[in-house]
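Each chain, written out:
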Amino acid sequence: MRRKVGYLSTNNNFFLRRRSVLAKKMQNHPIKEDDLQTIINAGIRVPDHGALNPWKIRVIKDDKLKILDEDVILTEFKRENPDASDESLEIESKRLQRASVVLAVISSPVEHPKIPNWEMVLSSGAVCMNLLSCAQSLGYAAQWLTEWYAYNAKMLEYLGGRPGVDRISGFIYIGYKVEEPHERRRPDPIKVVSYI
Ligand SMILES: Cc1cc2nc3c(=O)[nH]c(=O)nc-3n(C[C@H](O)[C@H](O)[C@H](O)COP(=O)(O)O)c2cc1C
């Protein structure tokens, strides 16, 4: 008899039900420091060819959320959109403050004679997905976002990224659920999977 191993053996499986919660629907009171450390420690356990750690995580929490919102996001938005409406300025002034904590993941590839840059970039995507799943597995609301400011040079600089080399893979927003999210359209395996 084949033994069922691990969590995928039940209908109630976390990975079969995992769902992001939109940042705009999160509550943003602080999360427990222990939980944050668990999310980070588990989140960085990702496949990483050559153990190069070609990524960095910047934790944005407490007053830093407001500081980055105002000093970087809003300032850059105004510079790029001088005629912006009051309504859009209001949205941009509170982007990060939608969450309790935001984990910025920076892809930071290194020179290597054998391991391609592509694999280092992929590993950084794995960090994003792992952080997201870890936060969700603890019951938090979480979402992986880039929005426009992931591609902004000042944001990259503020987070300590190297211009022209490092890139922001995403911002993992973590907060509290107000309600359970609705399911979204999921891929039909028949359309995306085939057997060789
Ligand atoms: C790299 C990346 C960037 C994303 N950026 C955004 C974004 O800027 N805005 C947005 O609405 N969704 C964005 N998403 C999509 C959401 O994270 C996600 O697909 C959606 O919330 C459903 O996620 P779930 O499968 O975890 O439920 C992005 C996804 C990825 C992988």
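Residues numbered from 1 in each chain as written. Predicted model: local features only at pLDDT ≥ 70, side-chain atom pairs only at ≥ 80, totals over all residues.

1. A look at helix α2 (residues 33–43)
Okay, step 1: Turning to α2, its buried residues number three or more, namely Leu-36, Ile-39 and Gly-43. Along the long axis of α2, the arc covered by the buried residues comes to 65°, so they all point the same way. Structural note: α2 exposes Glu-33, Asp-34, Gln-37 and Asn-41 on the side pointing more than 90 degrees away from its buried face. (Buried ≥ 20, exposed ≤ 12 C-beta atoms within 10 Å, placed from the backbone. Helix = DSSP H or I, 4+ residues; strand = E, 2+ residues; numbered from the N terminus. Arc of directions from axis to C-beta.)

2. Considering the site of the ligand
Okay, step 1: Near the ligand, the surroundings consist of Arg-19, Ser-20, Gln-143, Trp-144, Leu-145, Thr-146, Glu-147, Gly-170 and Arg-184.
Okay, step 2: Considering each element in turn, the shell around the ligand owes the most residues, three residues, to strand β3 (residues 141–145).
Okay, step 3: Of the residues assigned to the shell around the ligand, the class counts are two nonpolar, four polar and three charged. (Near = placed C-beta within 6 Å. Nonpolar A, V, L, I, M, F, W, Y, C, P; charged D, E, K, R; others polar.)

3. Focus: the sheet that holds β3
Okay, step 1: Ordered by their spatial adjacency, four strands build an open sheet running β1-β2-β4-β3, and the pairing between neighbours is antiparallel. Of all strands in the sheet, those with a lone pairing partner are β1 (55–61) and β3, marking the two edges. Geometrically, the sheet is characterised by an average inter-axis angle of 20° between neighbouring strands, direction not taken into account.
Okay, step 2: Note that strand β2 (residues 101–107) and strand β4 (residues 167–175) share seven bridges and pair antiparallel. The residue of β4 that forms the bridge with Val-105 is Gly-170. (Pairing = 2+ DSSP bridges. Axes fitted to C-alpha atoms, helices over the stretch in contact; angles between N-to-C directions.)

Read these as layout, nothing more, since geometry by itself doesn't imply function.
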